[in-house]
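Listed below, chain by chain, are the residues.
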Protein chains: 2
Amino acid sequence: MTKETTSRARKPKRGQTREALMAAALDLVVKKAPFSSLSLREVTKRAGVVPTAFYRHFPDMSALGLTLLDESFRTLRHMMRQVRQEELPNERMLRGSLEVYFNYVRNNRAHFLFVSKELAGGTPTMRNAIRREIRMFTNELAMDMARFPFLNHVNAEDLQMMAGLVVNNVTALTQEMLELEEDDEFGQNQVLGTAEKQLRLIYFGVGFWKSKADQ
Amino acid sequence: MTKETTSRARKPKRGQTREALMAAALDLVVKKAPFSSLSLREVTKRAGVVPTAFYRHFPDMSALGLTLLDESFRTLRHMMRQVRQEELPNERMLRGSLEVYFNYVRNNRAHFLFVSKELAGGTPTMRNAIRREIRMFTNELAMDMARFPFLNHVNAEDLQMMAGLVVNNVTALTQEMLELEEDDEFGQNQVLGTAEKQLRLIYFGVGFWKSKADQ
DNA sequence: AAATTAAGTGTACAGGTGTTGACTTAAATC
DNA sequence: GATTTAAGTCAACACCTGTACACTTAATTT
């Protein structure tokens, strides 16, 4: 990661064991247990490699975990950025964004399951990393809301509060969606519909609230 | 639990080991790891008892977990019932309910931490039990909302949606509060304040939303 | 007072765990 | 082509795990 001393980068092409280890861990998280309770041996076994080979790629399991976390959020951030820089928010854009997001969740089930379980049950390091990431999303959302014409009379603190409400709720609905069977399209659409209604309430509700109770 | 065959109940007064085991497990959950990754031996050690003594009280660890879950929700339900049957909802009642609730959370930190970690990381049995319990709270809340004069023109489905929004959010804030240090009163008050603002938005927002967009 | 039962202890075993060190081998660099 | 380095294997260790079985002991029932 830090070393690139010589002129030409030397890439170990042969061993994609590193990726295999990460995939194995993710796999075990999906169909067995939270990451925190996976054993090194179990992961290497599933990766089709001898236990000691693990140390060629990670110092210990928690390092693997952090790498997995990084991977999860790097691609998620990428997607979020694409969603954000679409045209100005309007009526249909809310539904559209939610569809893109939940579609992404469905296509990255393993990563979301991993993150979801670690958010509550992981080591403090893990939990903090995840919470920091979520806080970042909340801040960005608050900034986007500020450009929403309907909301431009709402102060920064209240925007933050609203964004928190949205993020908390979407997080919960994501976990709900992860509990559904992968092919339960009915259930998934139901969650999506609920999400849309709830966000609509939040967005439109604040207009009323602010104009009435400014005290 | 089921047996009470003879005339007089025979209580094993000597061994409060059962309670000790439950307390030990809860203790370990607070300061170490999610319940799922506790070992039987570690629990018995902390309870000050030999490993095999465990089997006199529970068939295995997951039975202990379910008992713990039962205990957690039995007292929580009791508190909720008291909060609910207060006088009709009004302005100050929102704040009051939240204070009672979060105070309860603070006084039952271990149980909430346990539940919070199991909600995402537990066995399917555990997760379902918890989710069922939460769904129950949501339903009860929806019923309470129906009696709210401000909301009596909202149909059942939307009430359910609103209640879900409230419960999701309070759940998230509960987890946020559990991450704070026990003596961080400032942070705790901040969470409480956020909660109040957010719920106010939900409650008052819907009035505007429904009267405007009935479509 | 005798008998029964609940609840504790100690020993033992088979298996899983993380990590060590020395060895092999294939690829990348010189 | 020789050498260095990255990435794999194998064997061994000390420890922790759940659970079976036989044993003790105190309390409750009879």
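Higher on the page you've got the structure.
Please read these numbers as outputs of a predicted model, since none were measured by experiment.

About the criteria used
Residues numbered from 1 in each chain as written. Chains lettered and ligands numbered in written order. Predicted model: local features only at pLDDT ≥ 70, side-chain atom pairs only at ≥ 80, totals over all residues. Heavy atoms only, no water. Helix = DSSP H or I, 4+ residues; strand = E, 2+ residues; numbered from the N terminus. Polar contact = N/O pair within 3.5 Å; in protein donor to acceptor, adjacent residues only side chain to side chain. Contact = heavy atoms within 4.5 Å. Salt bridge = Lys/Arg side-chain N within 4 Å of Asp/Glu carboxyl O. Buried < 20%, exposed > 50% of the residue type's maximum accessible area, 1.4 Å probe, protein only. Least-squares fit on C-alpha atoms with pLDDT ≥ 70 in both. Axes fitted to C-alpha atoms, helices over the stretch in contact; angles between N-to-C directions. Parallel < 35°, antiparallel > 145°, perpendicular 65-115°, else oblique. Left-handed = near helix turned anticlockwise from the far one by under 90°. Nonpolar A, V, L, I, M, F, W, Y, C, P; charged D, E, K, R; others polar.

(A) Molecular detail of the side chain of Gln188(A). Residue and element names in this part refer to chain A. Of note, glutamine 188 is situated in helix α8 (residues 185-212). At 3.3 Å, the side chain of glutamine 188 and the backbone oxygen of glutamate 182 are in polar contact. Beyond its immediate sequence surroundings of up to four residues, glutamine 188 is in contact with Arg106, Met177, Leu180, Glu181 and Glu182.

(B) Layout of the pattern of salt bridges. Scanning the model with the defined rule gives 28 salt bridges over all chains in all. We note a salt bridge from Arg46(B) to Asp27(B), for which the minimum N-O separation is 2.7 Å. Here Arg46(B) is found in helix α2 (residues 40-47), whereas its partner Asp27(B) is found in helix α1 (residues 17-31), with 19 residues between them in sequence. According to the relative accessible area criterion, Arg46(B) is partly exposed, its value standing at 43%. Where salt bridges share partners, they join Arg84(A), Glu140(A), Asp144(A) and Arg147(A) into one cluster.

(C) Highlighting the relation of the copies chain A and chain B. Note on the copies: chain A fits chain B at an RMSD of 0.1 Å, the axial shift is 0.0 Å, and the rotation between them is 180°. Put plainly, the chains are arranged around a two-fold axis. A share of 100% of interface residues in chain A that are also interface residues in chain B marks the association as one of identical surfaces.

(D) Expanded view of the packing of helix α5 (residues 109-121) of chain A against helix α6 (residues 124-146) of chain A. All names here are of chain A. Following both chains from N to C, one finds α5 and α6 inclined at 115°, their axes separated by 8 Å at the closest point. The angle between α5 and α6 places the two elements in the roughly perpendicular class. At the point where α5 passes α6, the crossing takes the left-handed sense. Here Phe114, Val115, Glu118, Leu119 and Ala120 of α5 lie close against α6, whose contacting residues are Met126, Arg127, Ile130, Arg131 and Ile134. Looking at the contact of α5 with α6, its residues break down into 7 nonpolar, no polar and 3 charged.

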